[in-house]
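Overview (structure and organization)
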Amino acid sequence: MQQIRNDWTRSEIKEIYYKPILNLVYEAATAHRQYHTASEVQVCTLLSIKTGGCPEDCSYCPQAARYHTETKVHALLKKEEVIESALKAKEAGSTRFCMGAAWREVRDNKDFDRVLDMVKGVNSLGLEVCCTLGMLTDEQAKKLKEAGLYAYNHNLDTSEEFYEEIITTRTYEDRLNTLENVRNAGISVCCGGIIGLGESNDDRVEMLYTLSTLPEHPESVPVNALVPVEGTPLQDQPRVSIWEMLRMIATARILMPKAMIRLSAGRQEMSTVEQAFCFMAGANSIFSGDKLLTTPNPSFGDDAAMFELLGLQPRESFKEEQVSVC
Ligand code: SAM
Ligand code: DTB
Ligand code: SF4
């Protein structure tokens, strides 16, 4: 039985990460089956509730105000629009609904009150409600929890060393602080990263080291392949290969066997065979719906056909107990 460990060393992680790919996938598939029903995949839907105009300088992001991308700025959506999207997602078989805002951080203002109201509304539909709103204080995390927030997404994105090549307007420490505030409020933690930013394999190992040695592993770990967007500094980055994606997913699965590993951005460019290989390597969650936040994603229909072909079933919501409040 693959143990849950928070004391992984960098050399152990490297040894796993660099295994011959088929052995690596086999070991990850074995660990996956010890903790999960391998035919179940969690289906989540994303909605951008506030789009573009973000003051941060994340080099990958089409929503940063300082880059000239085709993303249209949109103020915070109305609660009714959000509930309508959440209902559609539920009807299409999604069990988690994640609302994203192009904010550096949450401010204690009317917009936050409106988001709290959206959280209440989506929660009352019986969906696992998730938000990704940037940095949070302790108090804000508690308010979100009280409103019924189930999970919070806040990615480390890459290694601490490479982080400053990608983002200069906040620090790695800021990210870790928010994650701690989320954890302390008893909210399920969703934290992962992006590959294809120009980072080295050592950076990928380092990010996996940080994630897998947190006092508690994140309940979900999104693995995003960079979607290069015109107008961003990373627009000309080459597409990551399936082998890199597999190595990342499989290593994350072995290091954090209980976590949901989400095959996140990048699926639009992947074939069904490539995605099937990712599920074999331990991915057990996807974003479904024809848009991520601003970029295209396979449609509900395409994914339903893929599930049918691969014999996969959507995982029911709230399958595991809510995390305990520390
Ligand atoms: N503003 C908040 C923040 O940065 O935490 C929430 C929204 S932000 C868009 C959420 C995550 O989307 C980022 O942390 C990053 O991992 C991912 N992301 C953004 N642009 C991406 C891209 N072009 N390709 C892949 N992932 C991307
Ligand atoms: C995550 O790790 N990936 C999602 C979600 N968390 C918020 C976002 C992907 C965004 C891809 C670029 C876009 O659509 O704007
Ligand atoms: Fe803003 Fe988030 Fe995009 Fe960075 S990733 S520019 S914080 S929306």
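Look up: the structure comes first, before these words.
Report follows, based on the coordinates.

Points about the overall build of the chain
Within the chain, the regular secondary structure consists of eleven helices and ten strands. Over its C-alpha trace the chain gives a radius of gyration of 18 Å, about what one expects of a compact globule, namely 20 Å for 326 residues. Taking the principal axes of its C-alpha atoms as reference, the chain extends roughly 50 × 40 × 40 Å. The buried share of the chain, reckoned over its 326 residues, is 56%. When contacts within the chain are restricted to residue pairs at least 6 apart in sequence, those whose partners lie at least 24 apart make up 76%. Total accessible area computed for the chain in this model is approximately 14,200 Å², and 50% of it derives from carbon and sulfur atoms. Side-chain charges in the chain split into 34 positive and 47 negative, and the spacing between the mean points of these groups amounts to 4 Å.

Brief notes about the pairing of strand 8 (residues 260-263)
Here strand 8 shows no split at all, with Met260 and Arg262 on one side and Ile261 and Leu263 on the other all buried. The pairing of strand 7 (residues 220-225) with strand 8 spans four bridges and is parallel. Bridged to Val223 within strand 8 is Leu263. Traced from strand 7 through helix 9 (residues 242-255) to strand 8, the parallel crossover comes out right-handed. Where strand 8 lies against strand 9 (residues 285-287), two bridges are found, and the strand directions are parallel. Bridge pairing links Arg262 to Ser285 in strand 9. With helix 10 (residues 272-280) bridging strand 8 and its parallel neighbour strand 9, the resulting β-α-β unit is right-handed.

Let's talk about the site of ligand 2
Taken together, Leu46, Pro62, Thr132, Asn153, Asn155, Pro222, Asn224, Phe287, Leu292, Leu293, Thr294 and Thr295 make up the full set of residues adjacent to ligand 2. Note that a nitrogen atom of ligand 2 is positioned 3.3 Å from one of the side-chain N or O atoms of Asn153. At a separation of 2.8 Å, an oxygen atom of ligand 2 approaches a polar side-chain atom of Asn224. Here ligand 2, which alone exposes 410 Å², has 89% of that area covered by the protein. In terms of residue class, the shell around ligand 2 is built from six nonpolar, six polar and no charged.

So, the environment of Ser288
Assignment of secondary structure puts Ser288 in the loop between strand 9 and helix 11 (300-310). Judged by its relative accessible area of 2%, Ser288 falls in the buried class. On a C-alpha basis, the gap between Ser288 and Ala29 in space is 23 Å, while along the polypeptide they are 259 residues apart. Apart from residues no more than four positions distant in its own chain, Ser288 is found in contact with Val43, Cys44, Thr45, Arg267, Asn297, Phe300 and Asp303.

What counts as what
Residues numbered from 1 in each chain as written. Chains lettered and ligands numbered in written order. Predicted model: local features only at pLDDT ≥ 70, side-chain atom pairs only at ≥ 80, totals over all residues. Heavy atoms only, no water. Helix = DSSP H or I, 4+ residues; strand = E, 2+ residues; numbered from the N terminus. Rg over C-alpha atoms; globule rule 2.2 N^0.38 Å. Buried < 20%, exposed > 50% of the residue type's maximum accessible area, 1.4 Å probe, protein only. Contact = heavy atoms within 4.5 Å. Areas by Shrake-Rupley, 256 points an atom, 1.4 Å probe, with all protein chains shown as cover. Lys, Arg positive; Asp, Glu negative; His and termini not counted. Charge placed at Lys NZ, Arg CZ, Asp CG, Glu CD. Pairing = 2+ DSSP bridges. Right-handed = clockwise from strand over helix to strand, strands pointing away. Near = heavy atom within 4 Å. Polar contact = N/O pair within 3.5 Å; in protein donor to acceptor, adjacent residues only side chain to side chain. Nonpolar A, V, L, I, M, F, W, Y, C, P; charged D, E, K, R; others polar.

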